[in-house]
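Residues per chain are reported as follows:
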Amino acid sequence: MAVECAEIRRHHRVGIKDIAGIHLPANVKFQSPAYSSLDSEEAVEPYTTEKMSRVPGGYLALTECFEIMTVDFNNLQELKSLATKKPDKIDIPVTKEGILDAIVVWFVLQLDDEHSLSTSPGEETCWEQAVYAVQDLADYRIKPGDHVMMEVSCQDCYLRIQGIHVLGSEHEMDVVKSFTKNKDSLSLGNEAELCSALANLQTSKPDSVEQMCVLESTEIALLNNIPYHEGFKTAMRKVLSSLTPEKLLQAMDMDTQCQSDEINSGSGQKENSVLSAPDPYYVLDVSEGFSILPIIAGTLGQVKPYSSVEKDQHRITLGLISEANHFPKEMLEFWLRHVEDESAMLQRPKSDKLWSIIILDVIEPSGLIQQEIMEKAAISRCLLQSGGKIFPQYVVMLGLLVESQILVEESAVQGTERTLGVNIAPFINQFQVPIRVFLDLSSLPCIPLSKPVELLRLDLMTPYLNTSSREVKVHICKSGQVTAIPFWYHVYLDEEIRLDTSSEASHWKQAAVVLDNPIQVEMGEELVLSVQHHKSNVSITVKQ
């Protein structure tokens with residue numbers, strides 16, 4: 001079925017044109033990996049998966065459920081033809097008005113004439129659904145009377161849904177809102193778009209070449225995270241304004257008054273000439289993946305920003321964004337061109353210079369702390385000029401106690417009843433992971449048994465404030481069984497600017513420690529948690 005889903009949209013489409021004052025040019029197109037074409041060099045699954053019954057914010061079905069294809073696994077000839085036959089064209093009427101974000105696909109497995117298994121969103125099963133995100137439409141809003149058109153094939157053993165477009169109800173001709181995997185091909189009946197393209201050939205600038213930039217879904221969600229970029233812009237401005245030449249000049253003037261007898265007029269003139277043309281402030285962004293923070297830093301004055309992006313495609317895209325915002329091409333530097341390898345990334349910008357700001361990734365998109373982050377912070381502190389800052393300044397880990405049967409069942413095999421009496425739990429549960437990652441706490445079926453409490457603090461600028469272990473008392477607000485301890489972070493860029501990794505706009509997910517054995521608690525009791533932090537790994541246990 002075709003669906004509207006804001007959560008899918010923000011992970012697959014960049015929905016804003018300006019990010020913290022940076023304009024995204026029209027000739028830069030962002031796409032998720034699932035959008036890659038059939039003839040791309042890498043074999044990438046043309047879909048992502050979601051548990052649609054738990055997707056944050058829910059979804060709205062815009063069409064009735066429809067059949068895409070039927071496969072008879074007992075028919076060898078039919079199985080062989082799947083990989084060679086031409087794509088099937090499907091025409092689906094729209095039943096509800098909304099924004100076309102994705103085609104959601106599931107399977108009905110017919111075991112025999114009487115028994116079947118369905119992986120649909122309405123069934124409580126272990127399966128997720130396949131999500132084919134819709135990208136590159138001129139207009140995503142559809143309404144009853146419209147028709148969603150698509151082509152379905154299985155040519156490379158992946159179920160592919162391509163050539164998605166919309167036939168509007170108000171036109172007799174096939175005027176379509178088109179989306180295709182192949183940018184060189186035009187959808188059938190796309191006369192209006194063809195005319196528009198021909199007209200643009202006469203008016204567009206010769207150098208406005210379209211640049212495709214493939215980003216992971218978490219990177220697209222990061223670009224859509226407005227509070228993240230606004231927060232960094234404000235925090236960087238505060239640091240750079242505290243290092244302004246005016247303040248340095250005032251300090252130098254006070255110093256020269258005290259030592260006026262030792263300074264001759266010649267050296268004073270030389271000093272003034274240096275101060276009149278100060279060196280730029282060096283800003284290094286070593287956060288993971290695609291980031292426009294270096295370009296944002298470049299808007300804040302006399303700054304020399306360095307980006308750590310690795311892919312040529314991402315570097316070209318950042319260059320086009322810089323150009324569109326009228327920055328000199330030489331303003332943005334790519335740090336990996338200046339260092340021998342990635343392991344040597346943290347070093348001085350020049351032999352006689354230090355960084356004003358270093359941006360580190362402390363939290364992984366999965367909800368865990370980045371490996372070796374405290375070691376990176378220790379090196380970074382040695383590379384900062386006086387008054388320089390590491391971002392974030394510190395991170396507070398928060399958690400709460402919950403009762404969640406879903407987390408229990410998805411973390412370990414429970415007894416023998418569900419495995420037809422076969423006792424496989426002792427073997428399978430040896431591979432149980434202590435922490436579940438990539439969770440959406442906002443839609444996780446659970447009962448909170450306590451209020452959020454601070455579990456851990458990691459200070460990147462003041463390491464002596466950190467402790468490797470601590471005990472936390474948690475007050476029980478509701479009686480029940482504690483089965484898990486979900487956790488997330490407040491990322492403090494400074495004492496005033498805070499990013500919440502559990503917020504609706506966050507590109508981060510949450511994680512949870514699932515207890516081996518549930519603990520019965522009563523309202524008013526206190527539970528003591530032992531929190532250990534060692535080499536970027538956190539363990540949380542309940543003290544009995």
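Residues numbered from 1 in each chain as written. Predicted model: local features only at pLDDT ≥ 70, side-chain atom pairs only at ≥ 80, totals over all residues. Heavy atoms only, no water.

Moving on to the side chain of lysine 353. Relative to the helices and strands, lysine 353 is located in the loop between β20 (333-334) and β21 (355-359). A polar atom in the side chain of lysine 353 sits 2.3 Å from the side chain of aspartate 279. Non-local contacts of lysine 353, meaning those with residues more than four positions away in its chain, are made with Asp279, Tyr282 and Arg348. (Helix = DSSP H or I, 4+ residues; strand = E, 2+ residues; numbered from the N terminus. Polar contact = N/O pair within 3.5 Å; in protein donor to acceptor, adjacent residues only side chain to side chain. Contact = heavy atoms within 4.5 Å.)

Throughout the structure, instances matching the rule amount to 19 salt bridges. Note that aspartate 494 and lysine 238 form a salt bridge whose closest N and O atoms lie 2.9 Å from each other. With aspartate 494 in the loop between β29 (480-492) and β30 (498-500) and lysine 238 in helix α5 (residues 226-242), the pair connects residues that are 256 residues apart, well separated along the chain. A relative accessible area of 8% places aspartate 494 in the buried class. In this structure lysine 238 comes out as partly exposed when scored by relative accessible area, which is 32%. For aspartate 440, the salt bridge identified is with lysine 509, shortest N-O distance 3.0 Å. You can see aspartate 440 sitting in the loop between β25 (435-439) and β26 (447-448) and its partner lysine 509 sitting in the loop between β30 and β31 (510-521), a full 69 residues away along the chain. With a relative accessible area of 15%, lysine 509 lands in the buried category. (Salt bridge = Lys/Arg side-chain N within 4 Å of Asp/Glu carboxyl O. Buried < 20%, exposed > 50% of the residue type's maximum accessible area, 1.4 Å probe, protein only.)

Before going further, it helps to spend a moment on the environment of glutamine 544. Within the fold, glutamine 544 resides in the segment after β33 (537-543). Residue classification places glutamine 544 among the exposed residues on the basis of a relative accessible area of 82%. Between the alpha carbons of glutamine 544 and leucine 527 there is a distance of 8.2 Å; along the sequence they are 17 residues apart.

Attention shifts here to the sheet that holds strand β12 (residues 129-133). In spatial order, the strands read β5-β12-β9-β1-β6; together these five strands make up an open sheet with antiparallel pairing. In this open sheet, the two edge strands, each paired with only one partner strand, are β5 (48-50) and β6 (60-61). Of the pairings in the sheet, the one linking strand β1 (residues 2-4) to β6 comprises two bridges and is antiparallel in character. Following the sheet pairing, valine 3 is matched in β6 by alanine 61. (Pairing = 2+ DSSP bridges.)

We now examine the pairing of strand β19 (residues 303-307). Counting buried residues in β19 gives five out of five residues, a clear majority hidden from the surface. Across the two faces of β19 the burial is the same, with Val303, Pro305 and Ser307 and Lys304 and Tyr306 all buried. Relative to β19, strand β18 (residues 281-285) is paired through five bridges, and the arrangement is parallel. Among the inter-strand pairings, valine 283 is bridged to a residue of β19, identified as proline 305. You can see the chain leave β18, run along helix α8 (residues 293-298) and come back into β19, and the turn it takes is right-handed. With two bridges joining them, β19 and β20 adopt parallel strand pairing. Within β20, the residue paired with serine 307 across the bridge is phenylalanine 334. Each parallel crossover has a hand, and the one from β19 via helix α9 (residues 312-324) to β20 is right-handed. (Right-handed = clockwise from strand over helix to strand, strands pointing away.)

This part is about the packing of aromatic side chains. Evaluated as defined, the whole model comprises 13 aromatic pairs. Aromatic pair phenylalanine 427 and phenylalanine 431: ring centres 5.5 Å apart, planes at 80°, arrangement edge-to-face. You can call phenylalanine 431 exposed: its relative accessible area is 59%. Considering the side-chain rings of phenylalanine 487 and tyrosine 489, the 6.2 Å spacing of their centres and the 85° angle between planes classify their relative orientation as edge-to-face. The residues phenylalanine 487 and tyrosine 489 share a single accessibility class, namely buried. One aromatic cluster in this structure is built from Tyr228, Phe232, Phe391 and Trp508. A cation over a ring is seen here: arginine 13 above tyrosine 140, with NZ or CZ 3.5 Å from the ring centre. Its end group placed over the ring of tyrosine 394, arginine 457 keeps NZ or CZ at 3.8 Å from the ring centre. (Phe/Tyr/Trp six-rings, centres within 6.5 Å; stacked < 30°, edge-to-face > 60°. Lys NZ or Arg CZ within 6 Å of the ring centre and 35° of its normal.)

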